[in-house]
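Listed here are the chains, written in short residue letters.
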Amino acid sequence: MLYDLRHKYDLDTHKFVFISFNGSNFDDYFLLQASANNDEYCSAAAFQTKSILGLKGEDYSCWDMRKFLTTGSLAENCKSFNVYP
C-alpha cells in the first residue's frame, strides 16, 4: 500500500494523510487490511460502533471527513476549505 510512496519520497520529510468522505464503513477497512497484510505498523485505530473514525501509522494517517463535518456535501466541504476533490 504505502510501499511505492515510501520508495518515492523521503519519509523524514514526508508524512501522508489520506482523507475519505464517508469511507469509514468501507474504504478505510481496505486500508487497515492492507496495512496488516504488508506488516505495516498501525499505531492507533479509532472506532465508533463499526465505523473507523481514523487510523494512524508510522508515516501515515487517515480520517473520514464525513464523520467530523456532519453537514454539507463533499463539494461544499471542500469549497469551505478551499480544496477540490
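Scroll up a little and you will see the structure.
Residues numbered from 1 in each chain as written. Predicted model: local features only at pLDDT ≥ 70, side-chain atom pairs only at ≥ 80, totals over all residues. Heavy atoms only, no water.

Counted according to the given criterion, the structure contains one aromatic pair. Measuring from centroid to centroid gives 5.7 Å for Trp63 and Phe68, while their planes differ by 75°, and the two rings are edge-to-face. Of the residues examined, Trp63 reaches a relative accessible area of 28% and is grouped as partly exposed. (Phe/Tyr/Trp six-rings, centres within 6.5 Å; stacked < 30°, edge-to-face > 60°. Buried < 20%, exposed > 50% of the residue type's maximum accessible area, 1.4 Å probe, protein only.)

What follows concerns the side chain of Ser24. Tracing the chain through its elements places Ser24 in the loop between strand E1 (16-20) and helix H2 (27-37). A polar atom in the side chain of Ser24 sits 2.8 Å from the side chain of Asp64. Apart from residues no more than four positions distant in its own chain, Ser24 is found in contact with Tyr29, Lys50, Ser51, Ile52, Asp64 and Lys67. (Helix = DSSP H or I, 4+ residues; strand = E, 2+ residues; numbered from the N terminus. Polar contact = N/O pair within 3.5 Å; in protein donor to acceptor, adjacent residues only side chain to side chain. Contact = heavy atoms within 4.5 Å.)

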